[in-house]
Amino acid sequence: REAIAQKPTLAGELRPSYVVRQLDENLASDHGFAFTGDVGINTLWLFRYRRHHSSTVWSRNFATMGFGLPAALARAQLTGKPTVAVVGDGGMGMSMGAITPGCESPVLCVILNNRGLAAIRYEQEFFGWPEFESGFINPDFAALARARHWDGRKITTRQELQKAIDDFITCPAPMLLDVICTQNEPPMPALTPRPVRVVSALFAWARQGRKGLISAR
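Heads up: these notes are all about the structure in this document. Owing to the predicted nature of the structure, the values given are computational and were not obtained by experimental measurement.

**Remarks on the environment of Pro 70**
Position of Pro 70 among the secondary structure elements: in helix α4 (residues 68-79). For the pair Pro 70 and Ser 95, spaced 25 residues apart in the sequence, the C-alpha separation amounts to 7.4 Å. Setting aside anything within four residues of it in sequence, one finds Pro 70 in contact with Ser 95 and Ala 98.

The structure is reproduced here in structure tokens:
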């Protein structure tokens, strides 16, 4: 798991595991930063690759997609402390209304954008079915944020990611990062899966001709 988190890209796109690890290393809780989680595969990346969760806010098992950004805004408003929302593009689509022009809260919204509902996709594949209609075309989240007077940036490289994190540390003001992530970092279970699930997943990937079968562990 640690070795994978240090590999920035897969097939030329950022790994979500790497993105979360960089957030964790740069925005530590002992420096006052808190995190909020959304619902989806992004939840797995957050809880697997952020090492301490005493300051993580999450809706637990209520399947509340769209929770992450509003929760971060509320936490930042109540405490005045910088808060990082880690969300997926699916959940972001449900909470775009939370990006308001008058916001002055120290909030960093990080979208792990894999162009679809990855939890649904991998659920299909782990049962041996080819992926079906889990992907979609997103709006330009960064442009939307800029239109509402946030600092909105599209992130495609590790250098852009580090620059944005450094800028938020220097000046914690409303910022949204639309991080374009690989679709092919499988969220393999923390425990060894049953052989039938492994065979099913490999069968589904083979039927789709998928590449990049590298475990997220």
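**Focus on the side chain of Asn 114**
By the element assignment, Asn 114 lies in the loop between β6 (107-113) and α6 (118-126). Looking at Asn 114, the relative accessible area reads 15%, which means it is buried.

**Considerations on the pattern of salt bridges**
One pass over the structure, following the stated rule, counts six salt bridges. Among the ionic pairs, Asp 24 bridges to Arg 50, the shortest N-O distance being 3.8 Å. On the criterion of sequence distance, the pair formed by Asp 24 in helix α2 (residues 16-26) and Arg 50 in the loop between α3 (41-49) and β4 (56-57) is long-range, its members being 26 residues apart. Like Asp 24, the residue Arg 50 is buried in the burial classification. Residue Asp 167 is joined to Lys 163 by a salt bridge in which the shortest nitrogen-to-oxygen separation is 2.8 Å. You can see Asp 167 and its partner Lys 163 sitting in helix α8 (residues 158-170), four residues apart, about one turn around the helix. Through salt bridges that share partners, Asp 151, Arg 153, Lys 163 and Asp 167 make up one connected network.

**Thoughts on the nonpolar core**
Ranked by internal contacts, the top residues of the largest apolar core, which has 27 residues, are Val 19, Leu 23, Leu 108, Val 110 and Leu 177. Within the residue set of this core, elements represented by two or more residues are α2, α3, β5 (83-88), β6, α8 and β8 (175-180). What Leu 177 contacts, discounting residues up to four positions off in sequence, is Leu 108, Cys 109, Val 110, Ile 111, Arg 153, Ile 155, Leu 161 and Ala 164.

**Digging into the environment of Thr 83**
With respect to the helices and strands, the residue Thr 83 is situated in strand β5. When near neighbours in sequence (up to four residues on either side) are disregarded, Thr 83 contacts Ala 34, Thr 36, Ala 72, Arg 75, Ala 76, Pro 106, Val 107, Leu 108 and Phe 168. At a separation of 3.2 Å, a polar atom in the side chain of Thr 83 contacts the main-chain carbonyl oxygen of Lys 81.

Cut-offs applied
Residues numbered from 1 in each chain as written. Predicted model: local features only at pLDDT ≥ 70, side-chain atom pairs only at ≥ 80, totals over all residues. Heavy atoms only, no water. Helix = DSSP H or I, 4+ residues; strand = E, 2+ residues; numbered from the N terminus. Contact = heavy atoms within 4.5 Å. Buried < 20%, exposed > 50% of the residue type's maximum accessible area, 1.4 Å probe, protein only. Salt bridge = Lys/Arg side-chain N within 4 Å of Asp/Glu carboxyl O. Core = buried A, V, L, I, M, F, W, Y, C linked by side-chain atoms within 4.5 Å. Polar contact = N/O pair within 3.5 Å; in protein donor to acceptor, adjacent residues only side chain to side chain.

By themselves, these are just geometric observations and shouldn't be taken as functional.
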